[in-house]
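# Report on the structure
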Amino acid sequence: MSLQIRKVGVVGAGTMGAGIAAQVANAGIPVVLLDIVPDGAKDRSTLAKGALDRLRKAEPAALMHDGAARLIEPGNLEDDLGKLADCDWIVEAVLERTEIKQALYRKLETIRRPGSAVSSNTSTIALQVLTEGMPESFRRDFLITHFFNPPRYMRLLEVVAGPESDPALVDAVAGFVDVSLGKSVVRCNDSPGFIANRLGIYWMQTAVVEAYDQGLTVEEVDAVNGRPFGIPKTGVFGLMDLVGIDLGPHVNASMRAVLPASDAFHRVDRPVPLIERMIAQGLTGRKGKGGFYRMDRSGGGRTMLAIDLATGEYRPQQKPSLPEVEAGAKDLRALLGAPGRIGTYAFRVLAQTIAYAATLIPQAAASIADIDEAMRLGYAWRWGPFELADRVGADWLVEHLRAVGLDVPAFLADAAGKKFYRVENGKRQYLGLDGAYHDIVRPQGVLLLSDIKLAGKPVLKNSSAALWDIGDGVVCFEFTSKSNALDDRTIDLLGKSIDLVKQRYKALVIYNEGENFSLGANLGLALFAANIAAWGEIEKQIANGQQTYKALKYAPFPVVAAPAGMALGGGCEIILHSDAVQAHSETYTGLVEAGVGLVPGWGGCSEMLARWRAEPKLPRGPMPAAGKVFETVSVADVSKSAHQAMEKKFLRPTDGITMNRDRLLADAKQRALAMVEGYKPPEPPVYNLPGVAGRCALNAAAAGFHRRGLATDHDLIVADALAEVLTGGDADIIDTVTEQQVLDLERKAFMRLARTAPTLARIEHTLETGRPLRN
């Protein structure tokens, strides 16, 4: 019988151990968190309890909901070791010292249940070293599970099994962290640094030493190692500030000690005196007094400073003007082949990183697909090294590496004339060491829209959306505009899709694989229309959106929304109008229109009223539901997780949550199919709303915030418009108010606010800065 993981133990309550415990609790699994007893401690479990307190306050949040903290039981290794006896999986996350880890393993062997899994979160110590001298029973149940920090948000989990590890047990742990913890598992060989850190450390060290050799500034380095390479804007020096500059020398020392003398890492492993001085002065990055970047708050101001790599002195940060980088964002060869120090630097960093990646097969990884996956998920690269190689061409890389006297690994040389990835018969394939192409095989239960696109064409399509057949009579509606913003073309295709599904399909899923589900309506188009006084066109779009969302809600087939990332404004209203939601756990949703001086315009107010009215714990009567919706919408409240979205009523208690984003579409499809038989659309709601008296009460609450300086003058105007919608306008408390009447009130309030100068100023400011204007 395969291992079933119903309870987890974590030993080591530091940053990683506590973060792992939090993610286990986020999955609804009870977890025991233990650490040592500090000398002289009054509370013998103070380390684990302190870690739990920090988890509750962490930003970004480590816990997805308040209930997760109650699933974590803190304790200490001397008094509570026995609590690990009924744990199905024990994770060790103690100091990176072999003797400390092995001493713990020996204690665990005395109490753990036979067949329970034990894993180490080590990032540097080989499994062979960790298990040396341990009994056969321990070696059979042991593996490495390397999480990335922070464990809630970083999707990569590297798994290393030993030659004696029980394959079924390893599969059970890998399956659990995949489905329950939401991690994408990459199997690694037992080699130093595994995959992501092995390559990531090399890339960072190469980027630093080449910066000195080519005479670049920190800003230039981060610009090159950013958008053109598909790397987050932190680049290299910003990333070092983020993770801690003092971590680098320790990691490099570890790699230096275990990598063979022939490894290319040793050629870039040079001491950097500036970094040594910075660490000695406490300049360790964001956690210290500053790093390569530092905020100067002297004189009451805020000036970002950057360090001069030559002098070690701080100076005001400068935005470099690098036409090569701009060109490289469109054509990577244009950057790598550019004459001068910028092009030389870019080529030497990227080409050497790709070449080093080519040496890691099969030493660290079984395939290029595993290496690319590890770098995408562990370092948030948009493209892995071999995907980057395809963007410039293996032939070009080999030719230019040889031209400057750099090593060309055999695998890279053998790839000349080929691509590392290709599409064959609708399937993506990767180039193997054997020179043949192999299908990329997804785990069971994973369905990706990107794969479906390789095998077919959309059923319907325009410039803002597309409809895809995902099999078994289910179609997927995808937003495709920038930021997945919703515009008239999105609404038009959604209407056409509803009509088509009625005729030919069983169910509809609304899903996409963008960074965010949707940031709401296209404010840029709305501002343009307002600037030319096209008020009739704006009102027409609001009305069209309302009627299309109603058609979605009352369609004669099930509709399942599958959001991930941000689902704001109109994106949230899509969720509210769906029959069911299968949300990724990292769904951040809310009706945020008040932030730009508007009210929800596509039915969000009506849907939220219906949900709060159905809440059994809420007092009866017309006022409580209106008050709750006002509390949420007037402050543009956004959930910080899908669990929190349930608490705020953006999701129903019956909606589903998927922890692994790669499984979201398959889960949503199955939920839609399960609803097909006997499906009936919902009945339209009818409301009893508090009317003018309720509007006065809500305005009085808003006025109280205004008196305390928590609301602006225009906030009061927006709040009044929202209050009018939520209380039914001129309706009497004994009147019934229909859904359409609430929609009419929404539309009128929206149009009234859209004509005000403060609202237009808010929209313009948000578009320019990405931040709300408090006017």
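An account of the accompanying structure is given in this report. What you are looking at is a predicted structure, and each value in this text was computed from that prediction instead of being measured.

All right, on to the environment of Ile125 then. Checked against the element boundaries, Ile125 lands in the loop between β5 (117-120) and α5 (127-130). In the structure, Ile125 is positioned 378 residues away from Gln503 in sequence and 59 Å away in space, judged by C-alpha atoms. Once residues within four sequence positions are removed from consideration, Ile125 is found in contact with Glu96, Arg97, Thr98, Lys101, Leu130, Ile144 and Phe194.

Spatially, the 7 strands line up as an open sheet ordered β15-β16-β17-β18-β19-β21-β23, and their pairing is mixed. This sheet does not close on itself; its edge strands, each paired only once, are β15 (460-461) and β23 (656-658). Pairing between β15 and strand β16 (residues 465-469): 2 bridges, direction antiparallel. Paired with Leu460 across the two strands is Leu467, which belongs to β16. Sheet strands touched by helix α29 (residues 664-676): β17 (474-479), β18 (507-510), β19 (559-561), β21 (580-584) and β23. Its angle to β21, the strand with the most contacts, is close to 165°.

Examined against the element boundaries, Thr145 turns out to sit in strand β6 (residues 142-147). Residue classification places Thr145 among the buried residues on the basis of a relative accessible area of 0%. Setting aside chain neighbours within four positions, we find Thr145 in contact with Trp89, Val91, Ser119, Ser120, Asn121, Leu157, Glu158, Val159 and Val173.

If you walk through the whole model with that rule in mind, you get 1 cavity of 30 Å³ or more. By volume, the largest cavity is sized at about 60 Å³. Lining the largest cavity, in full, are Ala526, Leu527, Ala530, Trp535, Ile538, Leu598, Phe750, Ala754, Leu760 and Ile763. Put simply, the parts of the chain that give the lining of the largest cavity at least two residues each are α23 (523-531), α24 (535-553), α32 (739-754) and α33 (757-769). Looking at the lining of the largest cavity, the element that brings in the most residues is α23, giving 3 residues. Considering only residue class, the lining of the largest cavity consists of 10 nonpolar, no polar and no charged.

Before going further, it helps to examine the sheet that holds strand β1 (residues 8-11). Read from one edge of the open sheet, 8 strands run β3-β2-β1-β4-β5-β6-β7-β8, paired in mixed fashion. Single-partner strands in this sheet number two, and they are β3 (72-76) and β8 (184-188). Direction aside, the axes of adjacent strands within the sheet are offset by 25° on average. Bridge count between strand β4 (residues 89-92) and β5: 4 bridges; the pairing is parallel. Residue pairing across strands places Trp89 opposite Ala117, the latter belonging to β5.

Moving on: the pattern of salt bridges. For the coordinates displayed, the defined rule picks out 52 salt bridges. Between Arg270 and Asp213 there is a salt bridge, with the nearest N and O atoms lying 2.9 Å from each other. Taken as a pair, Arg270 in the loop between α12 (265-268) and α13 (273-280) and Asp213 in helix α8 (residues 196-214) lie far apart in primary sequence, 57 residues in all. Residue class for Asp213 comes out partly exposed when judged on its relative accessible area of 44%. Via salt bridges that share partners, Glu109, Arg112, Glu136, Arg140 and Asp141 belong to a single interconnected network.

Looking now at the layout of surface pockets. As a volume, the second largest pocket reaches approximately 1200 Å³. Those elements that provide at least two residues to the lining of the second largest pocket are α23, α24, β20 (565-568), α25 (570-577) and α33. The element that contributes the greatest number of residues to the lining of the second largest pocket is α23, accounting for 5 residues. Classifying every residue of the lining of the second largest pocket by side-chain character gives 21 nonpolar, 12 polar and 7 charged.

What counts, and at which threshold
Residues numbered from 1 in each chain as written. Predicted model: local features only at pLDDT ≥ 70, side-chain atom pairs only at ≥ 80, totals over all residues. Heavy atoms only, no water. Helix = DSSP H or I, 4+ residues; strand = E, 2+ residues; numbered from the N terminus. Contact = heavy atoms within 4.5 Å. Pairing = 2+ DSSP bridges. Axes fitted to C-alpha atoms, helices over the stretch in contact; angles between N-to-C directions. Buried < 20%, exposed > 50% of the residue type's maximum accessible area, 1.4 Å probe, protein only. 1 Å grid on protein atoms, 1.4 Å probe; cavity = no way out; pocket = protein on both sides within 12 Å on 5 of 7 lines; lining within 4 Å. Points joined across faces, edges and corners; volume = space filled by probe spheres on them. Nonpolar A, V, L, I, M, F, W, Y, C, P; charged D, E, K, R; others polar. Salt bridge = Lys/Arg side-chain N within 4 Å of Asp/Glu carboxyl O.

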